[in-house]
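The residues making up each chain are set out below.
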Amino acid sequence: MKIWLDGGLQDTESARVSVFDHGLTVGDGIFETVKAADGRPFALTRHLDRLTRSARGLGLPDPDLDEVRRACAAVLEANPMPLGRLRLTYTGGHGPLGSDRGEHGPTLVVALGETTRRPDSTAVVTVPWTRNERGALTGLKTTSYAENVVALARAREQGATEALFGNTVGQLCEGTGSNVFVVIDGELHTPPLASGCLAGITRALAAEWTGARETDLPLDVLERAEEIFLTSTLRDVQAVHRVDDRELPGAPGPVTAKAMRIFDERSGADLDP
Ligand code: PLP
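In short, a report on the structure. What you see is a predicted model; the values in this text were computed from it and never measured.

For the rest of this paragraph, the subject is the overall build of the protein chain. From N to C terminus, the protein chain includes 6 helices and 15 strands. For 273 residues, the compact-globule formula gives about 19 Å, and the C-alpha radius of gyration of the protein chain, at 19 Å, lands near that figure. Viewed in the frame of its principal axes, the protein chain has a C-alpha envelope of about 55 × 40 × 30 Å. Burial analysis of the protein chain (273 residues in total) assigns 49% to the buried set. The long-range share in the protein chain, meaning contacts at least 24 apart out of those at least 6 apart in sequence, stands at 68%. About 12,700 Å² of surface is accessible on the protein chain, with carbon and sulfur atoms providing 50% of the total.

Dropping the structure here:
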């Protein structure tokens, strides 16, 4: 496998990043996961826009998007696979121990892993921890993901593939790596960005294509929603058939099935909308 590091392709086995890289020591970094079917990245422009927004939110220099595009193309060409996940990581770079950034420039790594299409439906759990809708990192796709790692492990223990968070005022927010949609009285809703959720690219496309409304929703909406689905780069639109102990028989229900169909049709037609 080849990855992109220090301005060129390198062998994954021998590529080296400093052990003092701030991405490693203090989680000072941002990332994107981009789906690539047959070597073509999906919605790359949207991912690069979000990468730039995350960099600015952390006070990192703007990434050189020409280099990032070249890196993605080179890594995809060097590692052909039917369905891949590009991982773009951009960190504060080599620095002193502690939180002050050093003099070195940022580190950019672009790697590729193989992935498969996810099942049409899955089980989720809620977790007792909250997303902070007003934190310094809210809405930024940072490498400080340990909270998501812990919550996802909790979900796995309960036979689920995703954990859903409420925020500090008890509203439904998002999953560890996905956004959430619910159907109430036949209408499709998703929490607004003010809930503290990430501005998911799949969320934005699914909301635009289905006409879903952004609505403040209490966390316990999950106990009565007629349908629930998740969106993310690697899940696309995925129905939820169990939330905690509640079964949702027949998932995907009609609204979710329609959203899945629309997403499949439109995302196949234009890989960089
Ligand atoms: N929320 C979080 C916390 C995420 O990490 C992700 C994706 O990784 C999403 C939502 C979904 O975003 P996207 O659709 O852009 O993959």
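The strand order across the open sheet formed by 6 strands is E2-E1-E6-E5-E3-E4, and the pairing between neighbours is antiparallel. The sheet terminates laterally at strand E2 (8-11) and strand E4 (40-41), the two strands that pair on one side only. Bridge analysis of strand E5 (residues 83-91) against strand E6 (residues 107-114) gives 8 bridges, and the strand direction is antiparallel. Across the sheet, Leu 86 pairs through a bridge with Leu 112, a residue of E6. Across the sheet, helix H2 (residues 44-58) touches strand E3 (29-37), E4 and E5, and the angle it forms with E3 is around 175 degrees.

Turning our eyes to something else, we now look at the site of the ligand. Close to the ligand lie 16 residues; Lys 141, Tyr 145, Glu 174, Thr 202 and Thr 233 are nearest. Contact between the ligand and Arg 50: an oxygen atom at 2.8 Å from a side-chain N or O atom of the residue. Summarising the interface, the protein chains cover 94% of the accessible area of the ligand, which totals 390 Å² for the free molecule. Because more than half of its atoms lie within 2 Å of the grid, the ligand is assigned to the largest pocket. Elements that contribute at least two residues to the shell around the ligand include exactly strand E9 (172-175) and helix H5 (201-210). The residue inventory of the shell around the ligand, partitioned by class, reads 3 nonpolar, 9 polar and 4 charged.

With that settled, consider the packing of aromatic side chains. Taken as a whole, this structure holds 4 aromatic pairs when the rule is applied. Taking the centre distance of 5.5 Å and the plane angle of 50 degrees together, the rings of Trp 209 and Phe 263 count as tilted. Placement of Trp 209 in helix H5 and of Phe 263 in helix H6 (residues 254-269) is noted, with a sequence separation of 54 residues between them. Each member of the pair, Trp 209 as well as Phe 263, carries the same accessibility label: buried. Following the ring pairs from residue to residue traces out a cluster consisting of Phe 42, Trp 209 and Phe 263.

Let us look at H2. The end-to-end C-alpha distance of H2, which contains 15 residues, comes to 21 Å, matching closely the 21 Å that a straight helix rising 1.5 Å per residue would cover. Elements that come into contact with the buried residues of H2 comprise E3, E4, helix H3 (65-78), E5 and H5. One or two residues past the end of H2 sits Gly 59, with phi positive at roughly 75 degrees.

Next up on the list: the packing of H2 against H5. Across the interface, H2 lies against H5 with an axial gap of 10 Å and an inter-helix angle of 125 degrees. One way to sum up the angle between H2 and H5 is to call them oblique. Where H2 crosses over H5, the handedness of that crossing is right-handed. Two secondary-structure elements touch here, H2 through Arg 46, His 47 and Arg 50 and H5 through Ile 201, Ala 204, Leu 205 and Glu 208. Partitioning the contact of H2 with H5 into residue classes produces 3 nonpolar, 1 polar and 3 charged.

A few words on the pattern of salt bridges. On inspection of all chains with the given rule, the structure shows 12 salt bridges. Note that Arg 117 is salt-bridged to Asp 236, the shortest N-O span being 3.9 Å. Remark: Asp 236 occurs in strand E14 (residues 236-243) and Arg 117 occurs in the loop between E6 and strand E7 (121-131); sequence separation between them is 119 residues. Take Asp 236: its relative accessible area is 12%, and that puts it in the buried class. For Glu 147, the salt bridge goes to Arg 131, with nearest N and O atoms at 3.7 Å. Of this pair, Glu 147 sits in helix H4 (residues 146-157) while Arg 131 sits in strand E7, and the two are 16 residues apart along the sequence.

Criteria and cut-off values
- Residues numbered from 1 in each chain as written.
- Predicted model: local features only at pLDDT ≥ 70, side-chain atom pairs only at ≥ 80, totals over all residues.
- Heavy atoms only, no water.
- Helix = DSSP H or I, 4+ residues; strand = E, 2+ residues; numbered from the N terminus.
- Rg over C-alpha atoms; globule rule 2.2 N^0.38 Å.
- Buried < 20%, exposed > 50% of the residue type's maximum accessible area, 1.4 Å probe, protein only.
- Contact = heavy atoms within 4.5 Å.
- Areas by Shrake-Rupley, 256 points an atom, 1.4 Å probe, with all protein chains shown as cover.
- Pairing = 2+ DSSP bridges.
- Axes fitted to C-alpha atoms, helices over the stretch in contact; angles between N-to-C directions.
- Near = heavy atom within 4 Å.
- Polar contact = N/O pair within 3.5 Å; in protein donor to acceptor, adjacent residues only side chain to side chain.
- 1 Å grid on protein atoms, 1.4 Å probe; cavity = no way out; pocket = protein on both sides within 12 Å on 5 of 7 lines; lining within 4 Å.
- Sits in = over half its atoms within 2 Å of the grid points.
- Nonpolar A, V, L, I, M, F, W, Y, C, P; charged D, E, K, R; others polar.
- Phe/Tyr/Trp six-rings, centres within 6.5 Å; stacked < 30°, edge-to-face > 60°.
- Expected span 1.5 Å × (residues − 1).
- Parallel < 35°, antiparallel > 145°, perpendicular 65-115°, else oblique.
- Left-handed = near helix turned anticlockwise from the far one by under 90°.
- Salt bridge = Lys/Arg side-chain N within 4 Å of Asp/Glu carboxyl O.

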